[in-house]
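Inside the fold
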Amino acid sequence: EIKACLFDLDGVIVDTAKYHYLAWQQLANGLGISFTEEHNELLKGVSRMRSLDIILELGNTTLADDEKMKLATQKNEIYLSYIQRMKDDELLPGVKEFIEEIRNKGIVVALGSASKNARLILKQLHIEELFDAIIDGNEVTQAKPDPEVFLKGAEALQVESRSCVVFEDAIAGVEAAKNAGMACIGVGDPKNLSEADQVISGFEGFNLKQLATFLSDKN
Ligand code: G6P
Ligand code: MG
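Cut-offs applied
- Residues numbered from 1 in each chain as written.
- Chains lettered and ligands numbered in written order.
- Predicted model: local features only at pLDDT ≥ 70, side-chain atom pairs only at ≥ 80, totals over all residues.
- Helix = DSSP H or I, 4+ residues; strand = E, 2+ residues; numbered from the N terminus.
- Rg over C-alpha atoms; globule rule 2.2 N^0.38 Å.
- Buried ≥ 20, exposed ≤ 12 C-beta atoms within 10 Å, placed from the backbone.
- Pairing = 2+ DSSP bridges.
- Axes fitted to C-alpha atoms, helices over the stretch in contact; angles between N-to-C directions.

We now examine the overall build of the protein. Tallying secondary structure elements over the protein gives 9 helices and 6 strands in all. Compactness check: the protein gives a C-alpha radius of gyration of 17 Å against a globular reference of 17 Å for 219 residues, within 12% of the reference. Along the first, second and third principal axes, the C-alpha set of the protein runs to 50 × 35 × 30 Å. The 219 residues of the protein split such that 41% are buried.

Here we take up the sheet that holds strand β6 (residues 198-200). Read across the open sheet, the 6 strands follow the order β3-β2-β1-β4-β5-β6; overall the sheet is parallel. In the strand order of this sheet, the two ends are held by β3 (133-135) and β6, each with one partner. Across the sheet, the mean angle from the axis of one strand to that of its neighbour is 25 degrees, orientation sign disregarded. Across 4 bridges, the pairing between strand β1 (residues 4-7) and strand β2 (residues 108-112) is parallel. Paired with A4 across the strands is V108, a residue of β2.

What follows is the structure, given as structure tokens:
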């Protein structure tokens, strides 16, 4: 029985992945490191500092910690300049309706994001009140694929892992859900998300009945 749904933010609720990409690309280019959309897949769901490390590794570059802090701050400033212009219509199609539907049917809902900007983004999009619990990058110490973010979400909702379903667009996020012992619906391209129990391309037309069918097929 499904009692709780946990949602990743970037790439599941809102397409901020493109802004993360643009900001990282701008930073990488400044360092003379070429950074493609394919590389960007590796950064999805990954914390800000770890993302920077991956980019530096791509460019065979090592930097002192204080340099890295500066670069991470710089990336976030670029990112925030995009986020601050974001409008409600950048919510991914159907996701708000889906969350409203499941909440009406008694399912509790948490956000489980690695982003330190998560609350700001929810406010900007006027959807903070859709969540019974919010766990973000300020509350976790272990990045996905560690299950911490989802385990904390389940704890806040007081639901056992086996009654939780996670929605994720990132490889690391799907692994985190599996590591938490939760069912996982991948959102996006099935070729990146083969570890998920099912993959949907988006929430348009998706409903609780379909979700229940997916999960009962699995058992
Ligand atoms: C999400 C995104 C990542 C991002 C991370 C940290 O998991 O998928 O691309 O790096 O959050 O976000 P932040 O807003 O704290 O830099
Ligand atoms: Mg994501």
